[in-house]
Amino acid sequence: MSENNAGPVPGPRYLISVVVPCFNEEAVLPATYERLTAVMSRPVGPDHEPPDHELVFVDDGSTDRTWEVLRELAADDPRVHLVRFSRNFGHQCGLLAGLREAAGDAVVMIDADLQDPPEVVPELVERWRQGWPVVSARRTRRQGESWFKRGSAYAFYRTLDLLADQPVARDTGDFRLLDRSVVDLIATLPERRLFLRGQISWAGFPETTVEYVRRPRSAGRSKYGIGRQLALAHQALMSCSAVPARLPVLASAAVLGAAAAGALTGRAAPRGTWALGVQLLCLGVLADYVFQEYDQTRGRPVYLVRQTVPGRSAARTERMERMERTERTEWTERTDGTERTERTGGTERTVRTARTERPERAGWTTRAAAS
């Protein structure tokens, strides 16, 4: 657990966004909505008032009635904000889209299947109120999962912890709370191959954990099969660790050491066996990195939004207007570069700078840009 030096505690009135990615979850969505709404309506803090909240559902290309169910929820509740992808882009993309759409002072990420109990959210919020910018939920037990799922998860988190360049909290998934400052950073990172919990750890914000027991699914079936689990584990290692890039060097050293030992003892390996293995390993690792670099330079978006249904709550509208005021800076500067007047929202200041233009070109230019 890191030392808490996150800064001032949030004020009594704040907006909590809850991001919920969905893929073919029509059977469980009504229960998910009811439990989240009940939890977020509970009084918290010294003022014993429930926080303002919004629910951001992201439909990740569902083929069942997920979108229709979400539209019904949004029609009855102005705090529901909807995003619909053009096709299935994956769980991590759904979370990223939710982070970008969320307007809250803090954002909670949680899956729709109710394995991560919404009742833990108030504890995450309370830790955030104490000043922690990242609050992760750590699983102490995983109910309703096979021995293979539990064993593979145990091995994955410890392998990642061993190899990662920056520590990633053990036994934590994407169920966590992020302060607005963390959300703004993560939402603008340029990576296309997403592993959000690794990127959050890389950012280095102070982090604490809350323990809970993971429950069985309430309805439906898991969409995270072995293939998707392996793909996520692969991306986690590639994005959080430089060890795969060093494997060819390590393998070459091992093979050369074995060859030298064989030469000394007279037990040489079959001709070409070790050389072929090392070559294939090197080519595989290099090809993986080359493809990821190629994928990054293509510049395609990580997801495409087909439709949105904006939330209509007063709290969301007020926060969006505030964010727009603070994110845009307008300045007027002399073209001789000696002075610039900046206006951010209702704040104005004059900045004197070094002369960069000739005096005869003096004049005034107005610009606007995102800060």
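For the structure itself, look to the data block above.
Quick notes on the rules
- Residues numbered from 1 in each chain as written.
- Predicted model: local features only at pLDDT ≥ 70, side-chain atom pairs only at ≥ 80, totals over all residues.
- Heavy atoms only, no water.
- Phe/Tyr/Trp six-rings, centres within 6.5 Å; stacked < 30°, edge-to-face > 60°.
- Helix = DSSP H or I, 4+ residues; strand = E, 2+ residues; numbered from the N terminus.
- Lys NZ or Arg CZ within 6 Å of the ring centre and 35° of its normal.
- Buried < 20%, exposed > 50% of the residue type's maximum accessible area, 1.4 Å probe, protein only.
- Contact = heavy atoms within 4.5 Å.
- Axes fitted to C-alpha atoms, helices over the stretch in contact; angles between N-to-C directions.
- Left-handed = near helix turned anticlockwise from the far one by under 90°.
- Nonpolar A, V, L, I, M, F, W, Y, C, P; charged D, E, K, R; others polar.
- Arc of directions from axis to C-beta.
- Core = buried A, V, L, I, M, F, W, Y, C linked by side-chain atoms within 4.5 Å.
- Pairing = 2+ DSSP bridges.

Student: With reference to specific residues and values, describe the packing of aromatic side chains.
Tutor: Within the structure shown, the criterion is met by 4 aromatic pairs. Taking the centre distance of 5.6 Å and the plane angle of 90 degrees together, the rings of Phe85 and Phe89 count as edge-to-face. Between the aromatic rings of Phe175 and Tyr212, the centroid separation amounts to 5.5 Å while the plane-to-plane angle is 85 degrees, which identifies the pairing as edge-to-face. With Phe175 in strand E6 (residues 172-179) and Tyr212 in strand E7 (residues 207-214), this residue pair connects regions lying 37 residues apart in the sequence. The rings of Phe85, Phe89 and Tyr303 are connected pair by pair, giving a single aromatic cluster. The ring of Phe89 carries the charged tip of Arg87 above its face, separated from the ring centre by 3.8 Å.

Student: Describe the environment of Val305, and please don't skip the residues or the numbers.
Tutor: Within the secondary structure, Val305 sits in strand E8 (residues 305-309). We classify Val305 as partly exposed; its relative accessible area is 39%. Spatially, the C-alpha atom of Val305 lies 9.6 Å from that of Val58, the residues being 247 residues apart in sequence. Filtering out sequence-adjacent residues up to four positions away, Val305 remains in contact with Val83, Arg84 and Phe85.

Student: Lay out the packing of helix H1 (residues 29-40) against helix H2 (residues 66-76) in plain terms, naming residues and giving numbers.
Tutor: Contact geometry of H1 with H2 gives a least axis separation of 10 Å together with a crossing angle of 35 degrees. Where H1 crosses over H2, the handedness of that crossing is right-handed. Each of Leu29, Pro30 and Tyr33 in H1 lies in contact with H2, whose residues at this interface are Thr66, Val69, Leu70 and Leu73. Looking at side-chain class alone, the contact of H1 with H2 contains 6 nonpolar, 1 polar and no charged residues.

Student: Quick one: what's the story with the environment of Ala75, residue by residue and with numbers?
Tutor: Checked against the element boundaries, Ala75 lands in helix H2. C-alpha of Ala75 to C-alpha of Gly311: the two residues are 236 residues apart in sequence and 9.7 Å apart in space.

Student: An account of H2 is needed here, citing residue identities and associated values.
Tutor: Buried within H2 we find Thr66, Trp67, Val69, Leu70, Leu73 and Ala74. Along the axis of H2, the buried positions cluster into a sector of 160 degrees, meaning they face one direction only. Residues of H2 that are exposed and angled more than 90 degrees away from the buried face: Ala75 and Asp76. Taken together, the buried residues of H2 touch strand E1 (15-22), H1, strand E2 (52-59), strand E3 (80-85) and E8.

Student: So what's going on with the nonpolar core? Residues and values would help.
Tutor: Counting residues in each nonpolar core, the largest one holds 37 residues, and the members touching the most others are Phe57, Leu124 and Phe175. Filtering out sequence-adjacent residues up to four positions away, Phe57 remains in contact with Val20, Cys22, Leu29, Leu70, Val80, His81, Leu82 and Val83.

Student: Break down unusual backbone geometry for me, with residues and values.
Tutor: Notably, Asn24 is not glycine yet its phi reads approximately 55 degrees, a positive angle. Here Asn24 is to be found in the loop between E1 and H1. Positive phi values are uncommon outside glycine, yet Leu114 reaches one of about 65 degrees. Inspection of the secondary structure assignment puts Leu114 in the loop between strand E4 (106-109) and helix H4 (121-129).

Student: Account for the pairing of E4, naming residues and giving values.
Tutor: In E4, alternate side chains face the same way, and those of Ala106 and Val108 on one face and Val107 and Met109 on the other are all buried. Direction of pairing for E1 relative to E4: parallel, over a ladder of 4 bridges. Within the sheet, the bridge partner assigned to Val18 lies in E4 and is Val108. With 4 bridges connecting them, E4 and E6 associate as antiparallel partners. Across the sheet, residue Val107 finds its bridge partner in E6, namely Leu178.

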